[in-house]
Amino acid sequence: MYMPQSKSLSTALLCALALLGSATACSAADGTPTASRPAAGRTDTARDTTTSTAARTTASTATGTSTGTAAGATPGATGGRATGPADGTRCHTSQLRASVGRDNPGAGQENFPIVLTNSSPHTCTLHGFPGAAFLDGAGRQVGPDPKRTSGQTPTTVTLAPGQSAWAGLTFANPGISEASTAIPSSLLVTPPDERDPLTVHWTAGKVPVAGNASSVFLTVFSAGRGA
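All of the points below concern the structure found in this document. (Residues numbered from 1 in each chain as written. Predicted model: local features only at pLDDT ≥ 70, side-chain atom pairs only at ≥ 80, totals over all residues. Heavy atoms only, no water.)

Turning to the overall build of the protein, a few remarks are in order. Looking only at helices and strands, the protein has three helices and 15 strands in total. Relative to all contacts within the protein whose residues are 6 or more apart in sequence, the contacts with residues 24 or more apart total 70%. Here the protein displays about 14,000 Å² of accessible surface, and carbon together with sulfur accounts for 55% of that area. (Helix = DSSP H or I, 4+ residues; strand = E, 2+ residues; numbered from the N terminus. Contact = heavy atoms within 4.5 Å. Areas by Shrake-Rupley, 256 points an atom, 1.4 Å probe, with all protein chains shown as cover.)

Inspection of the entire model under this criterion finds two salt bridges. Of the charged contacts in the structure, one is a salt bridge between arginine 90 and glutamate 194, with a shortest N-O distance of 2.6 Å. Within this pair, whereas arginine 90 is found in strand β1 (residues 89-90), its partner glutamate 194 is found in the loop between β11 (186-190) and β12 (198-201), the two being separated by 104 residues in sequence. For the salt bridge of arginine 140 with aspartate 136, the shortest nitrogen-to-oxygen distance reads 3.3 Å. (Salt bridge = Lys/Arg side-chain N within 4 Å of Asp/Glu carboxyl O.)

Right, let's get into the state of the cysteines. Counted according to the given criterion, the structure contains one disulfide. In this model cysteine 91 forms its disulfide with cysteine 124; the gap between the sulfur atoms is 2.0 Å. Here cysteine 91 and cysteine 124 share a disulfide; its torsion about the S-S bond, 90 degrees, makes the bridge right-handed. With cysteine 91 in the loop between β1 and β2 (96-100) and cysteine 124 in strand β4 (residues 124-127), the pair connects residues that are 33 residues apart, well separated along the chain. Accessibility classification places cysteine 91 together with cysteine 124 in one group, the buried group. (Disulfide = S-S within 2.5 Å. Buried < 20%, exposed > 50% of the residue type's maximum accessible area, 1.4 Å probe, protein only.)

Read from one edge to the other, the open sheet built from four strands follows the order β6-β5-β11-β12, with strand pairing classed as antiparallel. Pairing within the sheet leaves two strands with one partner each, and these edge strands are β6 (141-142) and β12. Examined bridge by bridge, strand β5 (residues 131-135) and β6 share two bridges and lie antiparallel to one another. Across the sheet, residue leucine 135 finds its bridge partner in β6, namely glutamine 141. (Pairing = 2+ DSSP bridges.)

In structure tokens, the structure reads:
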């Protein structure tokens with residue numbers, strides 16, 4: 001009756017010696033090789049997940065997608081990748097060229113179209129009123145800021161490369177209104193929602209700057225060149 005116990009003890013002793021010598025994997029009571037069991041507190045699943053995430057991050061960085069997004073993910077799911085100004089975005093000052101069209105007088109009014117042309121290779125949009133100011137030869141503003149014409153509803157004008165939109169610049173004929181006048185050197189034009197202006201050489205003569213009926217008015221942008 002003591003022989004099995006002695007055999008069991010001998011087997012355990014041999015197992016311990018084998019493990020210390022890193023020569024033989026011993027079986028536990030449940031038949032699983034002891035050397036093949038994962039260490040306590042660590043799983044192969046956790047290790048594989050970490051490796052997989054690192055691989056995805058490296059791959060996504062290499063392909064230009066957002067860091068941490070798996071390569072091959074559906075475009076647009078996290079915003080996509082920008083390749084330049086998208087169609088339909090607001091026109092920026094750097095994308096535009098400004099000019100002033102010929103006068104179209106009527107009913108004692110002088111009416112000039114302020115024209116903005118898309119000089120970029122990308123489609124963009126204009127929505128609303130321009131900003132404007134007359135300047136003298138020294139760069140000083142002449143007269144007050146033009147006013148927006150009331151009762152107008154802006155619409156969005158889409159400009160493909162090379163296309164134009166216009167807004168009206170209108171004032172009473174100074175010879176009729178007897179307003180004080182000045183001859184500007186240039187007109188500053190600021191596109192809607194932009195801060196940087198474009199400079200246009202002014203060649204149309206006197207503009208009202210003070211006194212009776214001296215206000216200058218602006219209209220919203222419409223498609224075309226206004227002439």
